[in-house]
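# Chain and residue survey
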Amino acid sequence: MAIKADSWIRRMAKEHRMIEPFVDGQVREGVISYGLSSYGYDIRVTNEFKIFTNVHSAVVDPKHFDPKSFVDFKGDVCVIPPNSFVLAQTVEYFRIPRDVLTVCLGKSTYARCGLIVNVTPFEPEWEGYVTLEISNTTPLPARVYANEGIAQVLFFQSDEICETSYADRKGKYQKQQSIVLPRI
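Treat the numbers as computed from the prediction; the structure is a model and nothing was measured.

Scanning the protein chain from N- to C-terminus turns up two helices and 13 strands. The globule rule puts the C-alpha radius of gyration for 184 residues at 16 Å, and the 17 Å found for the protein chain is close to it. For the C-alpha atoms alone, the extent of the protein chain along its principal axes is close to 50 × 40 × 25 Å. Counting across all 184 residues of the protein chain, residues that qualify as buried make up 43%. Considering only residue pairs separated by 6 or more positions, the protein chain has 74% of its internal contacts joining residues 24 or more positions apart. Surface accessibility of the protein chain: about 9800 Å² in total, with carbon and sulfur atoms responsible for 51%. Here the protein chain holds 21 positive side-chain charges and 22 negative ones, and the gap between their average locations is 2 Å.

Written out as structure tokens, the structure reads:
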């Protein structure tokens, strides 16, 4: 299994619609960078966020998720409260090939501000917009900028095709079109 380079990512995006919309190169001027890089693709966050709050004293429970745990926010800048987190979504829609697994890591610009981006791997034949979990680990409010870079996706291609893909299993987060809350 090897990490894939920019030429492979570009070809898969253009010929197989692996990433839409696809930005061929790094956009950097005046923004937190996004687009194609040497061995990955820097994804953007949309302007819609679900900010977690303790206003209703709800308990975060993945088996019985209470929508009162968050407030919806739409805007160019989202302020994450201290020691809290938001759910967000990528601008890009992904279609992962059957022999590929991705790992997604937060960008260093945000990491250096105490913001951690957590995303599980995109499994073989998963497709959809990515739901992002962005944690503010600091005791201060923190800003996230919509339509700018938030994390980098690394693509790993296996030398074998998996027996069962995410699509074969009918994964519960397949083809998500919006920010998706926890499902059982």
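Now that the structure has been shown, we can carry on.
Ranked by size, the top nonpolar core spans 37 residues in total, and within it I43, F94, L132, I134, V144, I150 and F155 carry the most contacts. Non-local contacts of I43, meaning those with residues more than four positions away in its chain, are made with T90, E92, F94, C104, L132, E148, G149, I150, A151 and V153. By size, the runner-up hydrophobic cluster in this structure holds five residues, among which are F52, F65, F70 and I179.

Right, let's talk about the pattern of salt bridges for a bit. Throughout the structure, instances matching the rule amount to 12 salt bridges. Across the salt bridge formed by E20 and R17, the nearest N and O atoms sit 3.2 Å from each other. A relative accessible area of 29% means that E20 is categorised as partly exposed. For R17, a relative accessible area of 43% corresponds to the partly exposed category.

The final tally for this structure, using the stated rule, is zero disulfides. There is no disulfide at C104, and the cysteine sulfur nearest it, in C78, is 18 Å away. According to the relative accessible area criterion, C104 is buried, its value standing at 7%. Lacking any disulfide linkage, C113 is separated from the closest cysteine sulfur, that of C78, by 14 Å. On the basis of relative accessibility, which here comes to 48%, the residue C113 falls in the partly exposed class.

This part takes up the environment of W8. By secondary structure assignment, the location of W8 is in helix α1 (residues 6-16). Judged by its relative accessible area of 6%, W8 is buried. Here the alpha-carbon distance between W8 and Y39, two residues 31 residues apart in the chain, equals 9.2 Å. Excluding anything up to four places from it in sequence, W8 contacts M18, V100, F155 and Q157.

About the thresholds
- Residues numbered from 1 in each chain as written.
- Predicted model: local features only at pLDDT ≥ 70, side-chain atom pairs only at ≥ 80, totals over all residues.
- Heavy atoms only, no water.
- Helix = DSSP H or I, 4+ residues; strand = E, 2+ residues; numbered from the N terminus.
- Rg over C-alpha atoms; globule rule 2.2 N^0.38 Å.
- Buried < 20%, exposed > 50% of the residue type's maximum accessible area, 1.4 Å probe, protein only.
- Contact = heavy atoms within 4.5 Å.
- Areas by Shrake-Rupley, 256 points an atom, 1.4 Å probe, with all protein chains shown as cover.
- Lys, Arg positive; Asp, Glu negative; His and termini not counted.
- Charge placed at Lys NZ, Arg CZ, Asp CG, Glu CD.
- Core = buried A, V, L, I, M, F, W, Y, C linked by side-chain atoms within 4.5 Å.
- Salt bridge = Lys/Arg side-chain N within 4 Å of Asp/Glu carboxyl O.
- Disulfide = S-S within 2.5 Å.

On their own, these measurements won't tell you what the molecule is for.
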